[in-house]
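Working through the structure, step by step
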Amino acid sequence: MKQLLYQIIIITILITLIIIGVKQKNNNSTIRTDKRNFSIEDTLGINKIELTNRNLESIVLQRTPQQWILNDSLIANQYSVNLLLKTIKEMRIKNPVARSALNNIIKRMAVQNTKVTIYSSKGDIKTLFVGGETADQLGTFMMIEGAKEPYVIHIPGFNGYLSSRFNCK
């Protein structure tokens, strides 16, 4: 009887350890979190956004207490700024770029991209490189500065691509 009790206790402990091991394995992702966090939840903390494209066109949006200013002189279109801030807040990774397409996407992004640098009062928050749209036009290739590979980014529930929202015009 004592031996049966020991066997039950040992089996229970082994099952518990296996369950804990499986849960920990499922929580680990192969994608580094610092290189996949494209969105910024606190858009109120953003006070400056710089956009520069490969044609050397650039704009700077600066937040003042009353409004957003474009290139230190013009009042920015509030609708466009709100759309940009909403995009920055809501964009998420749709999926990683397929390994077979990775080299082509990186080459395309080297030629066609918009560099977006986002600042808070504390300094540089994040720098993104926004590429073109996916073939199905339901995602946009983006890469965080310092990352090794781009991702397909989208806004859940929105059907379209996001690159047009990061425009220097």
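Treat the numbers as computed from the prediction; the structure is a model and nothing was measured.

Let us now look at the side chain of Ser 39. For Ser 39, the location among the structural elements is in the loop between helix H1 (2–27) and strand E1 (46–53). Among the polar contacts listed, one links the side chain of Ser 39 to the side chain of Arg 92, at a separation of 3.0 Å.

Turning next to the layout of surface pockets. A volume near 300 Å³ is recorded for the largest pocket. Lining the largest pocket are 14 residues, with Ile 59, Ser 80, Val 81, Asn 167 and Lys 169 positioned closest to its centre. Every element with two or more residues in the lining of the largest pocket is listed here: strand E2 (58–63) and helix H2 (78–90). Looking at the lining of the largest pocket element by element, the count peaks at 4 residues for H2. Of the residues in the lining of the largest pocket, the class split is 8 nonpolar, 4 polar and 2 charged.

Bringing the nonpolar core into the picture now. Residues Ile 49, Leu 51, Met 91 and Phe 166 are the most contacted members of the largest nonpolar core, which totals 26 residues. In terms of residue count, H2 provides more of this core than any other element does, 4 residues in total. Those residues in contact with Phe 166 that sit more than four places away from it in its chain are Leu 51, Leu 84, Thr 87, Ile 88, Met 91, Thr 114, Val 116, Val 130 and Met 142. Val 97, Ile 105, Met 143 and Val 152 belong to the second-largest nonpolar core, a separate cluster that totals 8 residues.

Thresholds applied
Residues numbered from 1 in each chain as written. Predicted model: local features only at pLDDT ≥ 70, side-chain atom pairs only at ≥ 80, totals over all residues. Heavy atoms only, no water. Helix = DSSP H or I, 4+ residues; strand = E, 2+ residues; numbered from the N terminus. Polar contact = N/O pair within 3.5 Å; in protein donor to acceptor, adjacent residues only side chain to side chain. 1 Å grid on protein atoms, 1.4 Å probe; cavity = no way out; pocket = protein on both sides within 12 Å on 5 of 7 lines; lining within 4 Å. Points joined across faces, edges and corners; volume = space filled by probe spheres on them. Nonpolar A, V, L, I, M, F, W, Y, C, P; charged D, E, K, R; others polar. Core = buried A, V, L, I, M, F, W, Y, C linked by side-chain atoms within 4.5 Å. Buried < 20%, exposed > 50% of the residue type's maximum accessible area, 1.4 Å probe, protein only. Contact = heavy atoms within 4.5 Å.

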